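Chains, contacts and geometry: an overview
Spelled out, the chains give:
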Amino acid sequence: MKYTLVKIEEYSGKGASIYSILPDDKDETLLDDFINLHYDSFTEEIEDIIDTIEYIGFEVGARTNIINEGKGGLYDGVFDVRDKPDIQLRLYGFKYRSTLIILGGGGQKTTRTIQEDPNLTYFQEIMKDLSKQIDERIAENDFGVSEDGYELLGNLDFEKK
Amino acid sequence: MTPPMKKERKENLLLKKIRENRDPIKKKNVQFRIDTACALDDLMQSKGISPSDLAKKLGKYPSEISKWLSGNQNFTQEVLLDIAHALDFELEIPFRKRADDKQELNLRIHFEVTINVEKPNEKFIPTPVTGRACQENHQMCKESGVSYSTGN
């Protein structure tokens, strides 16, 4: 899948800039897909997640206590936004510093482990892969962040093989 | 390094609708949960207390403390008081007037709550509470300020 990182303006503010993944063959991001796909079944949970993202973007930033970063065997910087334990909606993201968040896709956790769920594994793998590619590009000086820490700069086109 | 070329994302109409119709009280509840978690996290960090330390003090599992810090917890007053006590602090819940209260004139009582955790004095600090009920022609809902104290 080839994709570009795009800024989601309606979530971004003084707390953090929120980006998502826009596949080349689509005009909606993985985050949009996640919202559209699950809203009817998990209305309240999706609204809570939207409010959480918005508050992170507008106010509190990507604080480590709020974001479950690196837990459950996730790659460095990759986190999940989760809702109530009994619902267990998972939305995967990648945090870069406290001012930049890239949100991917997700879904409901219905299996005991993420590895047993091909859908969630897929979205988790996208973020792990992105995290690795960003590290490589930073090393090659092909990717960076604006001075104020809120804008991604450089080549924002990626491919998940 | 130059800013990247912008690729267009189609506006998400569902998201727009959700944001426009969101219940402000529910939204405030999410924000309040996050603010409470961040206040607790700040306090623990300032005192050098880890989630495991707090878990031991409260007889909880560390995973529960992590959940509290994640902003997903609807705290009860009892739990907040237990936390404050375990950290040798006291809990204060002031009610504040809404910043935009001119826009709200109906029978519902609107309030904002912030939680400040303050160092204890010798006695339990009286908790100042001010409330606002908004209905101009309703006697019970006139603007009021209330305060109470609890001896300890």
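Keep in mind the model is a prediction, meaning the values are calculated, not measured.

Before going further, it helps to examine the overall build of chain B. In terms of helices and strands, chain B carries five helices and six strands. Start at the N end of chain B and walk to the C end: the helices and strands fall as α-α-α-α-α-β-β-β-β-β-β. Counting all 152 residues of chain B, 32% fall into the buried class. The contacts in chain B between residues at least 6 apart in sequence include a share of 57% that link residues at least 24 apart. Accessible surface, chain B: about 10300 Å² in total, of which carbon and sulfur atoms supply 52%.

Let us now look at the environment of B:Ile34. Its place among the elements puts B:Ile34 in helix H2 (residues 24–47). Take B:Ile34: its relative accessible area is 1%, and that puts it in the buried class.

Overall, the coordinates contain five aromatic pairs over all chains when judged by the stated rule. Both rings, one in A:Phe143 and one in A:Phe158, keep their centres 6.2 Å apart while their planes meet at 70 degrees; by these two values the pair is edge-to-face. With A:Phe143 in strand E6 (residues 143–145) and A:Phe158 in strand E8 (residues 157–159), this residue pair connects regions lying 15 residues apart in the sequence. Since its relative accessible area comes to 3%, A:Phe158 is described here as buried. On the basis of an interplanar angle of 65 degrees and a centroid distance of 5.7 Å, the ring pair of B:Trp68 and B:Phe75 is categorised as edge-to-face. We note that B:Trp68, like B:Phe75, is buried.

Further remarks concern the side chain of A:His38. For A:His38, the position within the fold is in helix H1 (residues 30–38). Setting aside anything within four residues of it in sequence, one finds A:His38 in contact with A:Thr43, A:Ile46, A:Leu89, A:Gly106, A:Gly107 and A:Gln108.

Residues and elements named next belong to chain A. The element strand E2 (residues 17–23) is extensively covered by neighbouring structure, given that seven of its seven residues are classed as buried. Residues Ser17, Tyr19, Ile21 and Pro23 point to one face of E2 and Ile18, Ser20 and Leu22 to the other, with burial holding for every one of them. Here strand E1 (residues 2–7) runs beside E2; their pairing, made up of five bridges, is antiparallel. Bridging from a neighbouring strand, Lys7 pairs with Tyr19 of E2. Summarising the sheet, E2 and strand E5 (residues 100–108) pair through four bridges and their orientation is parallel. Across the sheet, the residue bridging to Tyr19 is Ile102, located in E5.

At the junction of the two partners, chain B supplies 32 residues and chain A supplies 42 residues. Run the count over chain B and chain A and you get 11 salt bridges. Note that A:Arg63 is salt-bridged to B:Asp42, the shortest N-O span being 2.8 Å. Elements represented by at least two residues in the side of chain B that touches chain A include exactly helix H1 (13–21), H2 and helix H4 (62–69) of chain B. No other element matches the 11 residues that H2(B) contributes to the side of chain B that touches chain A. Here the residues of the side of chain B that touches chain A sort into 11 nonpolar, six polar and 15 charged.

Reading the values: the criteria
Residues numbered from 1 in each chain as written. Chains lettered and ligands numbered in written order. Predicted model: local features only at pLDDT ≥ 70, side-chain atom pairs only at ≥ 80, totals over all residues. Heavy atoms only, no water. Helix = DSSP H or I, 4+ residues; strand = E, 2+ residues; numbered from the N terminus. Buried < 20%, exposed > 50% of the residue type's maximum accessible area, 1.4 Å probe, protein only. Contact = heavy atoms within 4.5 Å. Areas by Shrake-Rupley, 256 points an atom, 1.4 Å probe, with all protein chains shown as cover. Phe/Tyr/Trp six-rings, centres within 6.5 Å; stacked < 30°, edge-to-face > 60°. Pairing = 2+ DSSP bridges. Salt bridge = Lys/Arg side-chain N within 4 Å of Asp/Glu carboxyl O. Nonpolar A, V, L, I, M, F, W, Y, C, P; charged D, E, K, R; others polar.

Remember that the coordinates give geometry; whether it matters functionally is a separate question.
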